[in-house]
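Listed below are the residues making up each chain.
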Amino acid sequence: MKHYEMRRAARRMDKAELERLLERGAYCIVSCIDENGAPYGVPLSYTYEPAQSGNGGTRHSSCESNPPLSSECAGEAEDSTSSADLPGTLGTIYFHTTNESGRKLDAFAANDRVCATVVEDVAARFQDAAFTTGFSSAMAFGRIRRVIDPVVVRKALVNLCMKYLPEHKNDIGAAMQADLDATAVWALDIEELSGKRN
């Protein structure tokens, strides 16, 4: 894969800045290519998990790239990530979808290479006699996979609920029980990560 250098390197975000941005971003836009070669981007709520120490980004045999959409999710949530679903080399972005087939899931099945973009701190301004826009942005490139480990599925869903609605912590269990069978959790294992601020 060809690597492109950032044109204005002084605006490049370092690893710590990138991780903070990914952790606080309101949403990400996941871009993929469907079976007809057409681009498709969709905004999704998400959580980011930094790479664990000693992980090498290895994809384990129990984490299929695109397992059947009807895979069942069962089990209890735990505080630690299962060894069968470790984050990618640069961390992992988790999000959820329905189990039902649609354009997004069909695209994931056709091509597991995707890109997720997070943009925050957007503000137009007039500076040095020029019109410009301030922003912080991160782009994460990697491969998408359906999470099949029930422990990791539940952990990802709990983390999503706690990120967006922590005041409803006590309602997570009942909501998960009601919707779990119709829900799929996906992981984007990050292979390349870049960020820019202005």
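Everything numeric in this text was worked out from a predicted model, so none of it was measured. (Residues numbered from 1 in each chain as written. Predicted model: local features only at pLDDT ≥ 70, side-chain atom pairs only at ≥ 80, totals over all residues. Heavy atoms only, no water.)

**Q** Account for the environment of Leu105, with residues named and values stated.
**A** Looking at where Leu105 falls in the secondary structure, it is placed in helix H2 (residues 103-110). Along the chain, Leu105 and Asp34 lie 71 residues apart, while their C-alpha atoms are 9.2 Å from each other. (Helix = DSSP H or I, 4+ residues; strand = E, 2+ residues; numbered from the N terminus.)

**Q** Break down the sheet that holds strand E1 (residues 28-33) for me, citing the residues and quoting the values.
**A** The strand order E2-E1-E5-E6-E7-E4-E3 describes an open sheet built from 7 strands, whose pairing is antiparallel. At either margin of the open sheet sits one strand with a lone partner, and together these are strand E2 (39-44) and strand E3 (47-49). Across this sheet, the average inter-strand angle for adjacent strands is 35°, counted without regard to direction. The strands that helix H1 (residues 15-24) touches are E3, strand E4 (92-98), strand E5 (113-127), strand E6 (130-146) and strand E7 (183-197); relative to E6, the one it contacts most, it runs at about 80°. Sheet strands touched by helix H3 (residues 150-164): E3, E4 and E7. Its angle to E4, the strand with the most contacts, is close to 90°. (Pairing = 2+ DSSP bridges. Axes fitted to C-alpha atoms, helices over the stretch in contact; angles between N-to-C directions. Contact = heavy atoms within 4.5 Å.)

**Q** Account for the nonpolar core, with residues named and values stated.
**A** Val30, Ile93, Phe95 and Phe108 are the most contacted members of the largest nonpolar core, which totals 26 residues. Sorting the residues of this core by element identifies H1, E1, E2, E4, H2, E5, E6 and E7 as the ones contributing at least two each. Among the elements that take part in this core, E7 stands out by supplying 4 residues, more than any other. The next biggest cluster of nonpolar side chains, apart from the first, holds 12 residues, and it includes Val147, Ala156, Leu160 and Leu180. (Core = buried A, V, L, I, M, F, W, Y, C linked by side-chain atoms within 4.5 Å. Buried < 20%, exposed > 50% of the residue type's maximum accessible area, 1.4 Å probe, protein only.)

**Q** Go over the pattern of salt bridges, please, and point to the residues and values.
**A** Here the structure, examined in full by the defined rule, presents 9 salt bridges. Across the pair Arg197 and Glu17 runs a salt bridge whose closest N-O atoms are separated by 3.3 Å. Of the two residues, Arg197 sits in strand E7 while Glu17 sits in helix H1, which places them 180 residues apart along the sequence. Residue Asp112 is joined to Arg143 by a salt bridge in which the shortest nitrogen-to-oxygen separation is 2.8 Å. Of this pair, Asp112 sits in the loop between H2 and E5 while Arg143 sits in strand E6, placing them 31 residues apart in sequence. (Salt bridge = Lys/Arg side-chain N within 4 Å of Asp/Glu carboxyl O.)

**Q** For the pairing of E4, give the residues involved together with the corresponding values.
**A** For E4, the buried fraction is high: 5 of the 7 residues fall into the buried class. Of the pairings in the sheet, the one linking E3 to E4 comprises 3 bridges and is antiparallel in character. Paired with Thr47 across the strands is Tyr94, a residue of E4. The pairing of E4 with E7 spans 7 bridges and is antiparallel. Bridge pairing in E7 places Ile93 opposite Leu188.

**Q** Could you give an account of the packing of aromatic side chains, with specific residues and numbers?
**A** Under the definition given, this model contains 3 aromatic pairs. Taking 4.9 Å as the distance between ring centres and 65° as the angle between the ring planes, the aromatic pair formed by Phe126 and Phe131 counts as edge-to-face. The residues Phe126 and Phe131 share a single accessibility class, namely exposed. Connected via pairs of aromatic rings, a cluster forms that spans Phe95, Phe108 and Trp186. It is Lys163 that lies over the ring of Tyr46; its NZ or CZ is 3.6 Å from the centre. (Phe/Tyr/Trp six-rings, centres within 6.5 Å; stacked < 30°, edge-to-face > 60°. Lys NZ or Arg CZ within 6 Å of the ring centre and 35° of its normal.)

**Q** Describe the side chain of Thr47, and please don't skip the residues or the numbers.
**A** Counting through the fold element by element, Thr47 comes out in strand E3. In this structure Thr47 comes out as buried when scored by relative accessible area, which is 9%. Filtering out sequence-adjacent residues up to four positions away, Thr47 remains in contact with Thr92, Ile93, Tyr94, Asn159, Leu160 and Lys163.

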